[in-house]
Amino acid sequence: MGTVTTSDGTTIFYKDWGPRDAQPIVFHHGWPLSGDDWDNQMLFFLAQGYRVIAHDRRGHGRSGQPPTGHEMDTYVADVTALTDALDLGVAVHIGHSTGGGEVARYVARAKPGRVGKAVLVGAVTPVMIKSDSNPGGLPMEVFDELRAALAANRAQFYIDFPSGPFYGFNRPGAEVSQGLIDNWWRQGMTGAANAQYECIKAFSETDFTEDLKKIDVPVLVAHGTDDQIVPYEDSALRSVELLKQGTLTSYEGYPHGMPATHADVLNRDILEFVKS
């Protein structure tokens, strides 16, 4: 574990496991969580001989809680500071949900030789908010409700959200994991309320269309068809069409939180993609 300090003085916490000369895999977490949300994947790829790295986004987890910078360009600048400090080359960048947007923008802007491949899991790309150019998106009211729930009672909201749509535990016959719910709550409550509030705008309104078009490395787009947070049709199908070397893998009936609920399947498929 370690930290890097960004140009505005924010401390970014990260975990860095495995041989320093192994190919690095960098994990980017979703809202409002932390790098701990990737523990299953980090242990899996560590066992496969990779160097695995996961950071806590500014205002989230154990990173600093600055008053500003809670938007995608600064998130990506923080990632750049981390990858520069660790001198990561030909890395595979894997992002879930908000982290998928972060990956898309970082990879589109990365220095030559920094990125080998990328994986977008339930990613917010190309853009979530409904507009004339994105009629299939979600209306602003959806995100206003998230902000209102966070501001009113963040602690209760961070129990209700993973208990319901995030992991698909609201579906008939779902096998509910109290451990996943509790861990989601723990990660969320560790971060700063103001940063998580502002991040809702970042993940819902940032348009990654041009970023996806610029990416020239192979990208795996992995998405569950029963994703109740980032709808499959408006995200995965549109994202893969914009990528130069995009491959779509659809998971029938899988929820948004499939990196946790179906880790064995996702880990296997990502490993196959990384090795291919």
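Relevant structure appears above.
I will try to describe carefully the structure that is included in this document. (Residues numbered from 1 in each chain as written. Predicted model: local features only at pLDDT ≥ 70, side-chain atom pairs only at ≥ 80, totals over all residues. Heavy atoms only, no water.)

**Looking at the pattern of salt bridges**
Filter applied, for reference: Whenever Lys or Arg places a side-chain nitrogen within 4 Å of a carboxyl oxygen from Asp or Glu, that contact is recorded as a salt bridge. Here the term buried applies to any residue with accessible area under 20% of the maximum for its type, exposed to any over 50%, and partly exposed to those in between, with areas from a 1.4 Å probe on protein chains only.
In total, this model carries 22 salt bridges according to the counting rule given. Of the charged contacts in the structure, one is a salt bridge between aspartate 56 and arginine 62, with a shortest N-O distance of 3.0 Å. With a relative accessible area of 0%, aspartate 56 lands in the buried category. The exposure class assigned to arginine 62 is partly exposed, which follows from its relative accessible area of 37%. For arginine 109, the salt bridge goes to aspartate 73, with nearest N and O atoms at 3.2 Å.

**Considerations on the environment of lysine 244**
Rules: Going along the chain from the N terminus, every DSSP run of H or I of four or more residues is numbered as a helix, and every run of E of two or more is numbered as a strand. Contact between two residues is taken to exist if any of their heavy atoms lie within 4.5 Å; hydrogens are not considered.
Following the sequence through the fold, lysine 244 ends up in the loop between helix H8 (232-242) and strand S8 (246-251). Once the C-alpha coordinates of lysine 244 and leucine 212 are considered, the two residues, 32 residues apart in sequence, prove to be 8.2 Å apart. In this structure lysine 244 touches Lys213, Lys214, Ile215 and Asp216, once residues within four positions along its chain are discounted.

**Brief notes about the side chain of histidine 28**
When you line up the elements, histidine 28 lands in strand S3 (residues 24-28). Look at histidine 28 and you get buried, because its relative accessible area is 0%. Histidine 28 has contacts with Trp38, His55, Arg57, Val79, His93, Ile94, Gly95, His96, Gly99, Glu102 and Val103, leaving out every residue within four places of it along the chain.

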